[in-house]
Amino acid sequence: MPAAPEADTPPHRYDADLAADIESRWQARWEASGAYETPNPAGELSRGRDAAGPKLFVMDMFPYPSGSGLHVGHPLGYIATDVYVRFKRMCGFNVLYTMGFDAFGLPAEEHARQTGQHPRINTEANIDNMRRQLDRLGLGHDKRRGIATTDVDYYRWTQWIFLQIFNSWFDPEARRARPIAELIDEFSSGARPAPDGRSWEQLGEAEQREVVDSHRLAYVADAPVNWCPALGTVLANEEVTNEGRSERGNHEVFKRPLKQWMMRITAYADRLLEDLDRLDWPESVKTMQRNWIGRSEGALISFPAAKTLPGPLHTIDVFTTRPDTLFGTTYMVLAPEHPLVDELTADGWPDGTPESWTGGAATPAEAVAAYRARAAELSDADRGDSKTGVYLGALAFVPFTAPDREDLIAELSPGHFTGTGELADFTLPTHDASDGNGQQGTSSQPWPEGRGERTVDIGVPVFIGDYVLMGYGTGAVMGVPGEDQRDREFAEAYGLPVIRTVQPPPDHPADLAYTGDGPSINSHFLDGLDVEASKALIVERLGESGFGRPTVNYRMRDWLFSRQRYWGEPIPIMFDDLGPVALPVDMLPLELPKLTDWAPRALARDSEPEPPLGRVTEWLDVELDLGAGRRHYRRELNTMPQWAGSCWYYLRYLDPRNDDALVDPEVERYWMADPDPGGVGGVDLYVGGVEHAVLHLLYARFWHKVLYDLGHVSGPEPFKRLVNQGYIQAYAFKDSRGVYVPAEEVEGSLEKGFSHGDEPVSRELGKMGKSLKNSVTPDDMYASYGADTLRLYEMFMGPIDQDRPWETRSVVGSQRVLQRVWRNVVDEETGELRVSDAAPDDDLLRLLHRTIDGVRSDMEGMRFNTAIAKLTELNNELTRRGTGAPRDVAEVLVRMLAPLVPHFAEELWHRLHGDGAGSVTQVEFPAADPALLVTDTVEVPVQVNGKLRGRVTIAADADDETAVAAALAEPNVAAHVGGRELRKQLYVPGRMITLVV
RNA sequence: GCGGACGUGGCGGAAUCAGGCAGACGCGCUGGGUUUAGGUCCCAGUACCCACAAGGGUGUGGGGGUUCGAAUCCCCCCGUCCGCACCA
């Protein structure tokens, strides 16, 4: 509540009204003088303040202009960067600091849909509103550089980057992206053979296009995707929650195959992983990215399989991290969606098939159909813990003979494990070595070890089961119940044999899989070797025989890049009869067509996506001459995902109005260079929420690396240092029905209980926001206290990276601090200065310099809470002394406050120095005089037998003997020593005297 | 289950990086002052126990260890939060 003017309130007290007056006045002057404009080394923005001094690039994660306005939690990170930036500017750095808006994408569009207005109108109104709320905080942004991702001049370059990616391929030997033209040259010159061994000329145009397109970093694939009918669009894995619902709106999401644009981020998996080690990021975020990428080393093993013998053989490829346990395989499981399922489904149940394997169906085909239908109903998360599956009626064969093992299986299991057949016509696949997602061709290869003549083999049954996911590895596993607990549970459920292949310790429970180390057993030529050695040998043997090879598998999939939405960047691609064709770069921007009927439609689950751009018939079909004569093309109708614009906005801040390039290379080198030689470069400090740990931050790193490979940026990483600011939490209140009630209407206390009206309510701590009805708006804080008090309070609440509960009643503490500073400089009654011209005494001077020293290092380390505590301490000392502060001390204190409370400091600065003085934002930050940090005498605590017994004042350079003598002279110390002989004496200079008796 | 972060007064937190006076600074609370009153503002006190005091004892989730000395380092356990999760 704003302080009403009271008769007895001194007229010049620092209250909300005075703060509002000061804040608006200085904001206008700063704006007029371009106080925060930072010059570039070249180009249009090279005018500005003096650019001497090292560069620093500090950035916040830019916001979505959502339209519902800010609460006090939103600007926490912005205030922190602003304080840091102001401090570094005062330390002589040339700091780039600005703010843009991430305005494309689902949130803006969903909001527009609710209000019924066109997204552009909505978005621009929201941006204006957010700018106003943020400006009121006094953030020192270079406003010339602010962009919105929806600006045509901006998304023109987003489209340009898309074309760079489309026109590139990943060369696995060079481990980097190269222009697609170089690949075409290699094919046509014969330096690189065509995939099937034919010469390039022998391939038709269609085949050539297909081969080239299959190498591009941006490509169209018909792949299982996350289809969200309610939103009318597909979503990236990253946008789907664990519960299988959309991150936005919490709608149901279904897996289904659709033709979509993909980006080959998997090609960069290893580099994204390796370079994490070179980043100054929170360990938690690095860990999340590592887990997301999910690199695991193992082997790909091929199992021959057949539904009848004799009969055609198929190959089940399996990824395993434990190839050493191969001989423990007693069954196989395919994911229900696995493409081989149909081929391996037998016509009828083999003799002796147990009832439990059939799912109660009359034939394997019926069992499969029923099981698949059930699995499709369930999202990955709903599949539950119990292991289920049905038998296909087929057998698979471990690719090595192992007579002992076969005897063992024969002994453990009923007759249906034995198949008889002629294996000579088995066809082995050849795998190309490019990557885990590479295509595979087939070619004939002989069955090793002369097995073509064998007519009897021990097969293992092949199941489908939903504990095997199509989205990981090859979608098939070898069932090894001895060494894998999930396989063990499946084996238990279906009565499958268990063969241990690693000797467990004696105390290992017999009913659990053993995953630890130990000697191999029941494993033929591996027996006796430990796990590592067994892995090495089996992989070697598999390689020799052609049945397997070492491989690296990743959890991460390629990035699904297209959305069936209106409010996004149009993808600058056209299609002719043979496939996608890039729009020439000189035809950019490809503007989003004006459309009145832009709203997405909620669709039925199995309907086809309907991109809204498909409604623009005159835009859809174009005739162009791209060099091969005038031809007809159909435009791509999908738009880019929300993440596209945020993948590179930091680069556009550098050079926002450049029409010739996304950024001038000289400007890019200046701002993105790493201060440390050999560093990765990039934004020097990036502050934002941890919720972007794997989405935005992974995509942006990927794009940056592609741009780096293609020579458009000078370093391999976009963000050198990352800080995650904590969330501001707030108490929320629920009534007896569990419904949230507005927090500001709740009365009571922890002791007395809380109530809303007459009804008792319960309290909980949660993220501030609309859903918990516990928002506090910055506008309320401006009205009650002013922006500087809000800034000071938010910085004082705790370490920047920590969550903290909001307490409106505590804000007044920060206002009192400023009031006390104000009172030490300005007379509240008259408004006159009340500083004294007397020189500060020695004690005060020493305290001042200790404060300077501490505040400087706290600011540097972004420990603003402790910096504020130290400044408060100094000011409390001034208050204790009464009589107004010595002018020299007040002047230094004001300079130290300037980064935290810039308007307040600017006002006092001008009162101290007269109106001719320059801005406090551009003076130097105080530096401590080292001579004043050391003292002649020090007060040192004394411990006797580990307990504090007194303190003595001694010369700062006193030696051991002197210190101990002084300690013994202290009565309480002497009493505790009690005349006994010292067994030990120790003096840590300036810190502690320790005596042991 | 795996991985990460963390645990200090009534509350937010400081001291943890580098072992050396635990509780800086602020909120709240208690008492006092200013004020017609309330509020604002100012001053003093405020970890807990004993004591008028001087002082003494206890104390940083629990247990153990290293050390002259541990909130800090090491081991085990408990608890909270976050991320991932049938990952083969």
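The structure contained in this document is the topic of the report that follows.

Rules used in this analysis
- Residues numbered from 1 in each chain as written.
- Chains lettered and ligands numbered in written order.
- Predicted model: local features only at pLDDT ≥ 70, side-chain atom pairs only at ≥ 80, totals over all residues.
- Heavy atoms only, no water.
- Patch = residues over 30% accessible without salt bridge, like charges linked within 9 Å, V, L, I, M, F, W, Y side chains within 5 Å.
- Areas by Shrake-Rupley, 256 points an atom, 1.4 Å probe, with all protein chains shown as cover.
- Salt bridge = Lys/Arg side-chain N within 4 Å of Asp/Glu carboxyl O.
- Lys, Arg positive; Asp, Glu negative; His and termini not counted.
- Charge placed at Lys NZ, Arg CZ, Asp CG, Glu CD.
- Buried < 20%, exposed > 50% of the residue type's maximum accessible area, 1.4 Å probe, protein only.
- Pairing = 2+ DSSP bridges.
- Helix = DSSP H or I, 4+ residues; strand = E, 2+ residues; numbered from the N terminus.
- Axes fitted to C-alpha atoms, helices over the stretch in contact; angles between N-to-C directions.
- Contact = heavy atoms within 4.5 Å.
- Phe/Tyr/Trp six-rings, centres within 6.5 Å; stacked < 30°, edge-to-face > 60°.

Among the surface-exposed residues, Asp 936, Asp 957, Asp 959, Asp 960 and Glu 961 lie close enough to one another that they form a single negatively charged patch. Accessibility expressed as a relative area gives 33% for Asp 960, which makes it partly exposed.

A separate point is the sheet that holds strand β33 (residues 947-955). With mixed pairing, the four strands of this open sheet are ordered in space as β33-β32-β35-β34. The outermost strands of the open sheet, each flanked by one partner alone, are β33 and β34 (984-988). Each neighbouring strand pair of the sheet contributes to a mean axis angle of 20°, computed without reference to strand direction. With eight bridges connecting them, strand β32 (residues 937-944) and β33 associate as antiparallel partners. Residue Val 940 lies in a different strand from β33, and its bridge partner there is Val 952. Strands β32, β33, β34 and β35 (992-996) of the sheet are contacted by helix α27 (residues 960-969), whose axis makes an angle of about 70° with β35.

Let us look at the sheet that holds strand β2 (residues 94-96). Pairing within the open sheet is parallel, and its four strands lie in the order β2-β1-β24-β25. Looking at the sheet topology across the chains shown, the edges are occupied by β2 and β25 (722-724). Geometrically, the sheet is characterised by an average inter-axis angle of 20° between neighbouring strands, direction not taken into account. The sheet contact formed by strand β1 (residues 55-60) and strand β24 (residues 685-688) spans three bridges and is parallel. The residue bridging Val 58 from the neighbouring strand is Leu 685, located in β24. Packing against the sheet, helix α2 (residues 76-90) makes contact with β1, β2 and β24, and its axis sits at approximately 170° to β1.

Okay, the environment of Asn 122 next. On the secondary structure map, Asn 122 appears in helix α4 (residues 119-135). Judged by its relative accessible area of 4%, Asn 122 is buried. Among residues more than four places away in sequence, those in contact with Asn 122 are His 111, Ala 112, Thr 115 and Gln 117.

A few words now on the packing of aromatic side chains. The final tally for this structure, using the stated rule, is 40 aromatic pairs. For the ring pair Tyr 649 and Tyr 650, a centre distance of 6.5 Å and an interplane angle of 70° mean the geometry is edge-to-face. With 5.0 Å between their ring centres and 70° between their planes, Tyr 650 and Phe 719 make a pair best called edge-to-face. Residue Tyr 650 is located in helix α17 (residues 649-654), and its partner Phe 719 is located in the loop between α19 (696-709) and β25; the two are separated by 69 residues in the primary sequence. Residue Phe 719 is classed as buried on the basis of its relative accessible area of 0%.

The next subject is the pattern of salt bridges. Applying the stated criterion to the full structure yields 54 salt bridges. Between Glu 23 and Arg 136 there is a salt bridge, with the nearest N and O atoms lying 2.7 Å from each other. Of this pair, Glu 23 sits in helix α1 (residues 16-33) while Arg 136 sits in the loop between α4 and α5 (152-166), and the two are 113 residues apart along the sequence. Since its relative accessible area comes to 0%, Glu 23 is described here as buried. Relative accessible area serves as the criterion here: at 22%, Arg 136 is assigned to the partly exposed category. Between Glu 207 and Arg 198 there is a salt bridge whose closest N-O contact spans 2.7 Å. The class of Arg 198 is partly exposed, set by a relative accessible area of 31%. Counted as one network, the salt bridges with shared partners bring together Asp 171, Arg 178, Glu 182, Glu 186 and Arg 192.

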